[in-house]
Amino acid sequence: MKAPLPQGATIGILGGGQLGRMLAMAAAKLGYRTIILDPAENSPAAQVANAFIHAPYDDASALRRLCVQCDVITYEFENVPVATAATLSEQLSVFPPPEALETAQDRLAEKIFLNAAGISTAPFVSVDSDDDLARGLEGFSGSGVLKTRRLGYDGKGQRVFRDATAADCEGVFAEMGGVPLILEALIPFQQEISVIAARSVDGHIATYEPAHNEHRDGILHRSTVPAEIAPQTRAAATQAATDILTSLQYVGVLGVEFFVLDNGKVLVNEIAPRVHNSGHWTEAACTVSQFEQHIRAVAGLPLGDPRHHSDCVMENLIGDEVLRATELLAEPDLMLHLYGKTDIRPGRKMGHFTRLTGS
């Protein structure tokens, strides 16, 4: 096994959002320095990191500076250019590997990968025209979810069809931006769950308890742990996450979202090659959070115990919901985490809180 990073080593983080912020905080806890590279000038992560490089992700000079100053590179979101990760990997280790980033960036490639690995998903077809959409919907009895293959998140770049006809497809491809799309069958599911899992450099895997997730307007609203699922459902979701990590030769934390069907079986909805919003509860209810787990993995340290010591409910604070912060702080058994964002906008994640509910 490769020796772990020594104390005082520097971890580069591509992306300066709240996930990068929490990764930088976890790294500091373990004695590591962090450098953030982000094109946004006032990024939440830059507020807590040791250094900040303000530059686009494809800025060659900035990438050289990052390589010189860092011992390993990671990233906080899946829309970092693959070319950037690949360029950096020529100089030093990049975790998760660029190949995992490339797979997760394209929903079609992701679904093909999952099915090839023996993991079930909703049926899907590629869509590059209105005619493709019409044929796909006909095959799915008129119902489906049309998504951009790249760059969509929090419900963006999606359109739902129910009982659609060919006439309903006219002009849709152009309305969606004329970019490559994927149509997924509309699946009747009982609930949505997610599994946060990590894999170390030496292949050890740790999985957290599945969370039950509720969304509002395409954005995660609440995650409840434990999810009310059958033991075989829990086992199937955990095994699927393990298989994905192994197939990708992954290093770091991965989020896997599932649909739970009425018969208890699971279908993977999507994967996220990073720490994940539905795993924020680990910060309050586990000895080792998903953020510390990710830093442990990319630094070559042993993974921590993923067991939770308390049941809990995590909720996002979206937009002006952050104004509840003072009243929330008056509650017992509640951990509040604000992201340092001063510009309150509708749909913007401003923070989250986790309420412990028992053990």
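All figures in this text were calculated on a predicted structure; none of them were measured in a lab.

**Q** Just checking my understanding: could you explain the sheet that holds strand β1 (residues 10-14) for this structure?
**A** Sheets are built from strands that pair by backbone hydrogen bonding, the pairs being arranged parallel or antiparallel. Spatially, β3-β2-β1-β4 is the arrangement adopted by the four strands of the open sheet, whose pairing is parallel. The sheet is open, and its two edges are formed by β3 (51-54) and β4 (72-75), each paired on a single side. With direction set aside, neighbouring strand axes in the sheet form an average angle of 25°. Pairing of β1 with β4, which is carried by four bridges, proceeds in the parallel orientation. Opposite Gly-12, over in β4, you have Ile-73 as the bridge partner. Packed onto the sheet, helix α1 (residues 18-29) meets β1, β2 (33-38) and β4 and runs at close to 175° relative to β1.

**Q** In this structure, what is going on with the environment of Ser-143? I would like to understand it.
**A** Within the fold, Ser-143 resides in the loop between α6 (130-139) and β6 (144-148). On the basis of relative accessibility, which here comes to 16%, the residue Ser-143 falls in the buried class. For the pair Ser-143 and Leu-19, spaced 124 residues apart in sequence, the C-alpha separation works out to 34 Å. Apart from the residues within four sequence positions on either side, Ser-143 is in contact with Leu-137, Phe-161, Arg-162, Asp-163, Ala-185 and Leu-186.

**Q** Sorry if this is basic, but what is going on with helix α5 (residues 107-116) here?
**A** At 3.6 residues per turn, the α-helix brings residues three or four places apart onto the same side. Within α5 the residues assigned to the buried category are Arg-107, Leu-108, Glu-110, Lys-111, Phe-113 and Leu-114. Two or three places before Leu-108, at the start of α5, stands the capping residue Asp-106, its side-chain oxygen 2.9 Å from that residue's backbone nitrogen. Positive backbone phi, at 80°, marks Gly-118, one or two positions downstream of α5.

**Q** Hey, could you run me through the pairing of strand β14 (residues 266-272) in this one?
**A** When a strand is regular, its side chains alternate between the sheet's two faces. Most of β14 sits inside the fold, with six of its seven residues counted as buried. As paired elements, strand β13 (residues 252-260) and β14 share six bridges and run antiparallel to each other. Across the sheet, the residue bridging to Glu-257 is Glu-270, located in β14. Between β13 and β14, which follow one another and run antiparallel, lie five residues, and Gly-264 among them has a positive phi close to 90°.

**Q** Would you mind showing me how to read the pairing of strand β17 (residues 349-358) here?
**A** Looking at chain direction, strand β15 (residues 311-318) and β17 are connected through eight bridges and run antiparallel. When the sheet's bridge partners are listed, Cys-312 is paired in β17 with Leu-356. Bridge count for strand β16 (residues 334-338) against β17 is five bridges, and the pairing is antiparallel. When the sheet's bridge partners are listed, Leu-336 is paired in β17 with Phe-353.

**Q** How should the packing of aromatic side chains be read in this particular structure?
**A** The description of two aromatic rings rests on the distance between their centres and on the angle between their planes. Inspection of every chain in the model, using the stated rule, returns three aromatic pairs. Arranged with centres 5.9 Å apart and planes meeting at 45°, the rings of Tyr-57 and Phe-77 form a pair that is tilted. In this pair, Tyr-57 is assigned in the loop between β3 and α2 (60-69) and Phe-77 in the loop between β4 and α3 (82-89), connecting sequence segments 20 residues apart. When its relative accessible area of 12% is taken as the criterion, Tyr-57 is described as buried. With centroids separated by 4.6 Å and ring planes inclined at 20°, the aromatic side chains of Phe-189 and Phe-259 adopt a geometry described as stacked. One end of the pair, Phe-189, is in the loop between β8 (181-185) and β9 (191-199); the other, Phe-259, is in strand β13, with 70 residues separating them in the sequence. Under the relative-accessibility criterion, Phe-259 is labelled buried at 12%.

Conventions we followed
Residues numbered from 1 in each chain as written. Predicted model: local features only at pLDDT ≥ 70, side-chain atom pairs only at ≥ 80, totals over all residues. Heavy atoms only, no water. Pairing = 2+ DSSP bridges. Helix = DSSP H or I, 4+ residues; strand = E, 2+ residues; numbered from the N terminus. Axes fitted to C-alpha atoms, helices over the stretch in contact; angles between N-to-C directions. Contact = heavy atoms within 4.5 Å. Buried < 20%, exposed > 50% of the residue type's maximum accessible area, 1.4 Å probe, protein only. Polar contact = N/O pair within 3.5 Å; in protein donor to acceptor, adjacent residues only side chain to side chain. Phe/Tyr/Trp six-rings, centres within 6.5 Å; stacked < 30°, edge-to-face > 60°.

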